[in-house]
Structure formats: structure tokens, C-alpha cells
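# Coordinate analysis (summary)
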Amino acid sequence: MKIAILSNGPSNYSTQRLKEEAEQRGHEVSIVKYKDCYVSIEPNNNLVYYNGEPLERFDAIIPRIATYMTNYGCMIVRQLEMQGEYTLSRSLAITRARDKLRSMQLLAKNNINIPRTVVSRDSANIDQLLDQLGGAPVIIKLARSTHGNGVVLAETKKAAKSTLQAFYLTNESGTNILLQEFVKESAGTDIRAFVVGSKVIASMKRQSLDDDFRSNLHKGGSGTPIKLTPTEEKMAVRAAKAMGLSVAGVDIMRSERGPLVLEVNASPGFGIEKVTGRNVAGKIIEYVEHNAKRTVHRDRVGA
Ligand SMILES: Nc1ncnc2c1ncn2[C@@H]1O[C@H](COP(=O)(O)OP(=O)(O)O)[C@@H](O)[C@H]1O
Ligand SMILES: [Mg+2]
């Protein structure tokens, strides 16, 4: 097969691993930097160009769209979908997953347990909002946060109110702000389940190194392999499905009322390979081999 990996970082570990595994399995791989692509839009003749030439046809596209370039990257993916290409992750699914509020709405609609969450445009009704969450401490989160930046723990009602006000004040782009129950039982730890198709192919526990409540590896957290309970495994697969993603990193917290899904990442890192020794890249290529030929192009999520 001819496979294109859409990635701005050809030397990224994930890009390298996907290329290596695909080539080992006899595929021809191109790495396409989507930031250097452009689209010409004409009636009946939209085309993606790369290095001044129309982009060649591929049997499968593997998008690895960075969060800082979601809009542009997804625009390119969307164009390729319109040209009839098979893409491992659909542009709509990637866009959806990059918005935490939209994700929470979808997960809840699909009856998947999440931390109690409220959203408001107004800090005047803070008492009522906090009551809904069972009182302080609470988590305040920008809908577009990544790597733990934009996630704040407010210990008291006063802190929650002033943080919320500061967020609204600097929030010119109109990003939604979530208030969330602080799951204190698992402060500083969460579980990353890597889903491919309808299976969890690797899972790890992440722990913050200092006393940070955020366990993101980018914040210096460390990972160890962990075995999921059957409930957690099912939950991770259902969460990926609810988001319309065939490859996803599902983050789960263990709480007193059972596992809760924190977020679903559309372009999960491959650091989990090093932690668990699992061949994540190989599983993804295998999935592409089985699915690229089939033309299931409809998005059935409905939100
Ligand atoms: N409701 C919560 N209760 C406790 N810890 C949380 C909660 N929400 C987030 N965290 C911690 O903060 C980290 C970052 O939050 P997350 O929602 O995953 O945002 P990001 O996309 O920035 O990683 C999580 O990995 C978790 O450790
Ligand atoms: Mg996260």
C-alpha cells in the first residue's frame, strides 16, 4: 500500500515508528508536512498541493495533527476525504476531540461516566455552580487545554471565583470554560488507555512527579504499565467509539464511584510503547491494512 503520514515532525518518535512499522510490512511511506500543503478551491476541482505539485494519491492517510495546528491540519484532512482518500482518523472526529466541552457532551450522551461538569458564561452564579459539583475544591479547565496547560485546581470558593473571572477576562477567543468536580481520590494519577479499533492495545498509569495534581507526561509525570479492569477496558473502547475515533488515547481516572473518562485524545503520543513494550505503531498499521480498502466513510456520531 501507499501510505501517507500527515505530520509536521518527520523526526517525531510516533512518525518514525509508524514509518518503520509500515515499511517493515512492505508498504511505501511518504511523510507529508501538512503545514506546507495548500488547497486550491474551485467548483468541482478542489485539490491539495504539496511542494508546488498536486499531492499524489494514497491508499491510506494517517493524520498526526498537532493541537497547535488543528484547524489547518483538519482542513487538509477534510479536503483529502473529499477527494475520496481513506483517512485513519476523520477530520470531524479530530476537531471534535480537540474541544473538551464537546467531548464531555458526547461522552455523557453516550452514557459514559465523566467527572461532574458544569459550564457557564457567568461567574455571578458561582455558588450555584459549585453546589452542583459538591463544593470546592474544583477544577477549572479551558475547553482547548493541552498538556495540562489551562487546567487549574481552585481550592476554595473564593479562588474558584477569582480564577473564573480572570479566565473570562483574558478569554478573547471565546473558548468555553468548564468547571469540574475535583476527583481527589486520584489526584496526580490517571490511566491512559490506547485504543485501536475495538481493542485497548496498551495501557499505563501516569503519575505526576511532584505534588502537581496533573499527571501529564509533558509536565514531568512518569508512566508505568497497568492492567485495566474489564469495566475500564470496555469504557475506553466505548469512549473512542462515541467520539468516532478508531485510534484514541482515552484518559481515565479511578474514583470512588468507579472509573471516569477525563478526555479522549485523537493523536495520542507513542511514549506508551516505551513504558509498556507494546508495538503500538504495528497495531495501527495492521488496522489500516484491514480497513483502508473498505469505504465506510460516514460519520455517525451526530454532534
Ligand atoms: N476533574 C479532575 N480531577 C482531578 N484531576 C484532574 C481533573 N481534570 C484534570 N485533572 C488532572 O489534570 C490533568 C490534565 O487535565 P486534562 O483534562 O487531561 O487536560 P489536558 O488536555 O491539558 O491534558 C489530567 O491528566 C489529570 O491528572
Ligand atoms: Mg490530558
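Rules used throughout
- Residues numbered from 1 in each chain as written.
- Chains lettered and ligands numbered in written order.
- Predicted model: local features only at pLDDT ≥ 70, side-chain atom pairs only at ≥ 80, totals over all residues.
- Core = buried A, V, L, I, M, F, W, Y, C linked by C-beta atoms within 7 Å.
- Buried ≥ 20, exposed ≤ 12 C-beta atoms within 10 Å, placed from the backbone.
- Contact = placed C-beta atoms within 7 Å.
- Pairing = 2+ DSSP bridges.
- Helix = DSSP H or I, 4+ residues; strand = E, 2+ residues; numbered from the N terminus.
- Axes fitted to C-alpha atoms, helices over the stretch in contact; angles between N-to-C directions.
- Expected span 1.5 Å × (residues − 1).
- Arc of directions from axis to C-beta.
- Near = placed C-beta within 6 Å.
- Nonpolar A, V, L, I, M, F, W, Y, C, P; charged D, E, K, R; others polar.
- Domains from an automatic or database assignment.
- Parallel < 35°, antiparallel > 145°, perpendicular 65-115°, else oblique.
- Left-handed = near helix turned anticlockwise from the far one by under 90°.

## As for the nonpolar core
- Counting 74 residues, the largest nonpolar core has Leu6, Ala239, Met243, Val250 and Val261 as its most contacted members.
- Setting aside anything within four residues of it in sequence, one finds Leu6 in contact with Val32, Tyr34, Ile61, Ile62, Pro63, Arg64, Ile65, Gly73, Ile76 and Val77.

## Side note on the pairing of strand β14 (residues 247-255)
- Direction of pairing for strand β11 (residues 189-196) relative to β14: antiparallel, over a ladder of 6 bridges. For Val196, the partnering residue across the bridge sits in β14 and is Val247.
- Strand direction decides the pairing type here: β14 and strand β15 (residues 258-265), joined by 7 bridges, are antiparallel. Within β15, the residue paired with Ile252 across the bridge is Val261.
- Between β14 and the antiparallel strand that follows it, β15, lie 2 residues.

## Topic: the sheet that holds strand β2 (residues 28-32)
- Within the open sheet, the 3 strands sit side by side as β2-β1-β6. Their pairing is parallel. Lying at the two open borders of the sheet, with one neighbouring strand each, are β2 and β6 (60-63). Ignoring which end each strand starts from, the neighbouring axes of this sheet average 20 degrees apart.

## Observations concerning the sheet that holds strand β13 (residues 222-225)
- Sheet architecture is open: 5 strands sit in the order β13-β12-β11-β14-β15, paired in antiparallel fashion. Strands at the two margins of the open sheet, each flanked by one partner only, are β13 and β15. Recorded for the sheet is a direction-independent mean angle of 30 degrees between the axes of neighbouring strands.
- Contacting β11, β12 (199-207) and β14, helix α9 (residues 280-291) crosses the sheet at an angle of about 35 degrees to β11.

## Some remarks on α9
- Here α9 contains 12 residues, and its C-alpha end-to-end distance of 17 Å stays within 8% of the 16 Å for a straight helix at 1.5 Å per residue.
- All of the buried residues in α9 are Val280, Ala281, Ile284, Ile285 and Val288. Buried residues of α9, viewed axially, fall in a sector of 135 degrees; they line one side.

## Side note on the site of ligand 1
- Within the structure, ligand 1 sits among 22 residues, and Ile139, Ser145, Val183, Arg214 and Ser215 are positioned closest to it.
- Every element with two or more residues in the shell around ligand 1 is listed here: β8 (138-146), β9 (149-154), β10 (177-181) and β15.
- Take the shell around ligand 1: its biggest share by element is 4 residues, from β8.
- Each residue belonging to the shell around ligand 1 can be placed in one class, and the counts come to 8 nonpolar, 8 polar and 6 charged.

## A few points about the domain arrangement of the protein
- Segmenting the protein into domains produces domain 1 (2-96), domain 2 (116-182) and domain 3 (186-291).
- One C-alpha centre belongs to domain 1, the other to domain 2, and the line joining them spans 36 Å.

## Quick notes on unusual backbone geometry
- Following Ala136, the chain continues to Pro137 via a peptide bond in cis, the omega torsion being -5 degrees.
- You will see that Asn51, though not glycine, has its phi angle at about 55 degrees, which is positive.
- Along the polypeptide, Asn51 turns up in the loop between β4 (47-50) and β5 (53-54).
- Unlike most non-glycine residues, Asn111 shows phi in positive territory, near 65 degrees.
- Looking at the secondary structure, you find Asn111 in the loop between α4 (100-109) and β7 (117-119).

## Topic: the environment of Ile112
- When you line up the elements, Ile112 lands in the loop between α4 and β7.
- For the pair Ile112 and Leu260, spaced 148 residues apart in sequence, the C-alpha separation works out to 7.8 Å.
- Leaving out residues up to four positions away in the same chain, Ile112 has contacts with Leu107, Met235, Arg238, Ala239, Ala242 and Val261.

## A look at α4
- Turning to α4, its buried residues number three or more, namely Lys100, Ser103, Met104, Leu106 and Leu107. Taken down its axis, α4 places every buried residue within 165 degrees of arc, on the same side.
- Each element contacted by the buried residues of α4 is listed here: α3 (91-97), β7, β8, β10, α7 (230-242) and β15.
- Two residues or fewer after α4 comes Asn111, characterised by a positive phi angle close to 65 degrees.

## Thoughts on the packing of helix α1 (residues 13-24) against α9
- Their axes nearest at 8 Å, the elements α1 and α9 cross at an angle of 60 degrees. If you check the angle between α1 and α9, you find them oblique. Two packed elements cross with a definite hand, and for α1 against α9 that hand is right-handed. Note on element contacts: α9 touches α1 through Ala281, Gly282, Ile284 and Ile285, opposite Arg17, Leu18, Glu20, Glu21 and Ala22.
- Tallied by class, the residues present in the contact of α1 with α9 amount to 5 nonpolar, 1 polar and 3 charged.

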